[in-house]
Amino acid sequence: MENNAHYMLPSRDACYVDPGEMPKFLRSKNMPNRHGVKRMMQEGFMIRQSYIESGKIVIPAGGLIYFENGGEYFGPLNSEPVSIAGEEAVWIEQEEAMVVKKDFFVPFDDRPVPLGEDGTISLQPFFYTDSYFGEKAGFLRFVFANGHPGWEKRIVLCESEYGKYVANISTGYVDEEGMQTPPPIQYFGNPFDAHNSTYIVVENLGPKGFQVKEAGAPEVNWFKISYTPPIVVDCVGEGETVKAGEYRIKVISCHQESGIVTVAVLNTSGEILSQKELGPLTLETYKKKNFIHQNMAVRNSLVLDYENIRVQLDTKYNSILGGIGPTPLIDENGENISVTDAKGISTFQENGVGLVIYTDIEKVPLRRPWKKDSRFVFQTHYT
Amino acid sequence: MMVGLAIENAEPIVLDSNNNEFDGPRGLFKIVVDEFNGDTIPSWHIENKYEETSRELGGNNCKSLDAIVGRVGMFTFEDAIQQLIWTNPTRVNKIMQENHRLKKELEKRI
């Protein structure tokens, strides 16, 4: 278990290959998402902790790590482009979780302690000041499996009358250990703010390490991608069907006022396989939940999943507000308009609704052997 | 929450002078050890599916295959790159430019 390269970086005498040497592989590319907004896509890899032993070169498990940077962060509802080892795909969904661990010791000068199974986000002591007028202060650091020391948390415990008594430390927030889905603290915003959804309750700290009562951090369980571009239909009226591979998608009812649509997946002979009420999707949805693609509950209310197919309301996108989130709308001339001015320009048309249909979806679990090549496992690049 | 994906090897990779190649995921890249004498790796390089080849990465002091290939993201690679001693990007760029200049001069003289 410990004989792997997780949480480590390459050695200091590692060699560096510049993107200029292998431009087709390493230079960044621009790929558009469904709304035509371009995302930077970049690839590369790292070899870490390799060594020579008894006449052989060994790269430990996790030592060869390929990285890809695409549109993952910008969210599932926008059909963002990603690259899976050089093959272009569409990002569809990820299951977010919070990994929680209770009652453990984080020693100095040792391997970081993963909060879940090996390869999940881990904790490492970073700094400790000796008891100073009864105050103990220290830093704990979250380390990702890829070696990046992510975020630091400052811990202060006091034995004086001014501080928090060790005996009065709270018992924590989450009842159970392990992956919690949906996460008890949902995070919205950019990746730099992801540490706002982490927490640490430290019981005691000293020169040997930190005794942690409970700690939690965001994680991902699985993700879904498709190598087939999505089918975008601008307007499907009530009672109409759309062909999607071996299935038919039917709009059973559509209420523009309330923003609720009932869709069904049919087989070729017209039997209903699955049916769901999607929505509500109104301007209010965009207004209240700014980054709706980052809210698991909201995005689940806008999609119907059946086996390897997904039907989604054609959410809109505005690149003005930070370029993130399908917030307000683009009018017929292709110009951005603010939420308050946007009336009648939405997913709903006069006599129908816009749908996005993904086919041939693959669900890929993280930290498990890849079905297509069991020599490899998937990891997040930056949780 | 996630900025990108990573794919890592599940089992250790063992290479020697007979078994000297390893294919990356989907054959996107390939690690090739050209020369290995049991203690050091005098010569190794990287190939990719676009038929590009890296420069010679080995050397008489090369005792591992540790490498940083490309610059993905702002975080992990920056941390790793900052602590490099010999081949940090500015030096590599300088060496590449110097090579380019020398080649041109050679061509002129010939």
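Below is a summary of the structure that appears in this document.

About the thresholds
Residues numbered from 1 in each chain as written. Chains lettered and ligands numbered in written order. Predicted model: local features only at pLDDT ≥ 70, side-chain atom pairs only at ≥ 80, totals over all residues. Heavy atoms only, no water. Helix = DSSP H or I, 4+ residues; strand = E, 2+ residues; numbered from the N terminus. Rg over C-alpha atoms; globule rule 2.2 N^0.38 Å. Buried < 20%, exposed > 50% of the residue type's maximum accessible area, 1.4 Å probe, protein only. Contact = heavy atoms within 4.5 Å. Areas by Shrake-Rupley, 256 points an atom, 1.4 Å probe, with all protein chains shown as cover. Lys, Arg positive; Asp, Glu negative; His and termini not counted. Charge placed at Lys NZ, Arg CZ, Asp CG, Glu CD. Phe/Tyr/Trp six-rings, centres within 6.5 Å; stacked < 30°, edge-to-face > 60°. Lys NZ or Arg CZ within 6 Å of the ring centre and 35° of its normal. Pairing = 2+ DSSP bridges. Axes fitted to C-alpha atoms, helices over the stretch in contact; angles between N-to-C directions. Buried area = accessible area lost by both parts, 1.4 Å probe. Salt bridge = Lys/Arg side-chain N within 4 Å of Asp/Glu carboxyl O. Polar contact = N/O pair within 3.5 Å; in protein donor to acceptor, adjacent residues only side chain to side chain. Nonpolar A, V, L, I, M, F, W, Y, C, P; charged D, E, K, R; others polar.

1. Side note on the overall build of chain B
Moving on, step 1. When you go through chain B residue by residue, the secondary structure sums to 2 helices and 6 strands.
Moving on, step 2. Taken from the N to the C terminus, the helices and strands of chain B come in the order β-β-β-β-β-β-α-α.
Moving on, step 3. Taking 2.2 N^0.38 as the reference for a compact globule, 110 residues should give roughly 13 Å; the C-alpha atoms of chain B span a radius of gyration of 17 Å, well beyond that estimate.
Moving on, step 4. Seen through its C-alpha atoms, chain B measures out along the principal axes to roughly 50 × 40 × 30 Å.
Moving on, step 5. Counting the 110 residues in chain B, one finds 48% classified as buried.
Moving on, step 6. Intrachain contacts of chain B at a sequence separation of at least 6 include 7% that bridge at least 24 residues.
Moving on, step 7. Here chain B has roughly 6,000 Å² of accessible surface; of this, 48% comes from carbon and sulfur atoms.
Moving on, step 8. Looking at charge distribution, chain B has the averaged site of its 13 positive side-chain charges lying 11 Å from that of its 18 negative ones.

2. A short note on the packing of aromatic side chains
Residue and element names in this part refer to chain A.
Moving on, step 1. Within the structure shown, the criterion is met by 13 aromatic pairs over all chains.
Moving on, step 2. Judged by centre distance (6.0 Å) and plane angle (70 degrees), the rings of Phe 142 and Trp 151 are edge-to-face. The pair Phe 142 / Trp 151 is uniform in exposure class, with both members buried.
Moving on, step 3. Look at Phe 144 and Trp 151: their rings are 5.2 Å apart centre to centre, the planes differ by 85 degrees, and that puts the pair in the edge-to-face class. For the pair Phe 144 and Trp 151, a shared accessibility class is recorded, and that class is buried.
Moving on, step 4. These aromatic residues form a ring-pair network of at least three members: Trp 91, Phe 223, Trp 370 and Phe 378.
Moving on, step 5. For Lys 101, the ring lying beneath its charged end belongs to Phe 104, and the centroid distance is 5.5 Å.

3. Quick word on the sheet that holds strand S2 (residues 13-15) of chain B
Note: strands within a sheet are paired through backbone hydrogen bonds, in either parallel or antiparallel orientation.
Moving on, step 1. Taken in spatial order, the 3 strands of this open sheet run S4(A)-S5(A)-S2(B), and their pairing is antiparallel. Both outer strands of the open sheet, strand S4 (51-53) of chain A together with S2 of chain B, are each paired with one neighbouring strand and no more. Taking each pair of neighbouring strands and ignoring which way they run, the sheet shows an average axis angle of 30 degrees.
Moving on, step 2. Across 3 bridges, the pairing between strand S5 (residues 56-59) of chain A and S2(B) is antiparallel. When the sheet's bridge partners are listed, A:Val58 is paired in S2(B) with B:Val14.

4. Remarks on the interface of chain A and chain B
Moving on, step 1. Listed as interface residues are 78 residues of chain A and, on the opposing side, 68 residues of chain B.
Moving on, step 2. Between chain A and chain B, a total of about 7,300 Å² is buried, with carbon and sulfur atoms accounting for 63% of that surface.
Moving on, step 3. Considering only the side of chain A, the residues that lose the most area to chain B are A:Tyr16, A:Phe45 and A:Ile57, jointly responsible for 12% of the buried surface there.
Moving on, step 4. We note a salt bridge from B:Glu8 to A:Arg48, for which the minimum N-O separation is 3.7 Å.
Moving on, step 5. Counting across the interface, chain A meets chain B through 33 residue pairs in polar contact (both at pLDDT 80 or more).
Moving on, step 6. Classifying every residue of the side of chain A that touches chain B by side-chain character gives 42 nonpolar, 21 polar and 15 charged.
Moving on, step 7. Sheet topology note: the strand S6 (residues 64-69) of chain A/strand S1 (residues 4-9) of chain B ladder contains 5 bridges and is antiparallel. Along S1(B), the bridge assignment pairs A:Asn69 with B:Gly4.

5. Considerations on unusual backbone geometry
Residues apart from glycine generally show negative phi values, whereas peptide bonds are mostly found in trans.
All names here are of chain A.
Moving on, step 1. The residue after Thr 181, namely Pro 182, is reached through a cis peptide bond having omega -5 degrees.
Moving on, step 2. Its place among the elements puts Pro 182 in the loop between strand S13 (178-180) and strand S14 (199-206).
Moving on, step 3. Residue Pro 280 is reached from Gly 279 by a cis peptide bond, and omega for that bond is 0 degrees.
Moving on, step 4. Tracing the backbone through its elements, the reader meets Pro 280 in the loop between strand S20 (272-278) and helix H2 (283-288).
Moving on, step 5. Of note in this structure, Glu 307 is not a glycine but carries a positive phi near 45 degrees.
Moving on, step 6. Relative to the assigned elements, Glu 307 resides in the loop between strand S21 (303-306) and strand S22 (309-313).

Read these as geometric descriptors, not functional statements.
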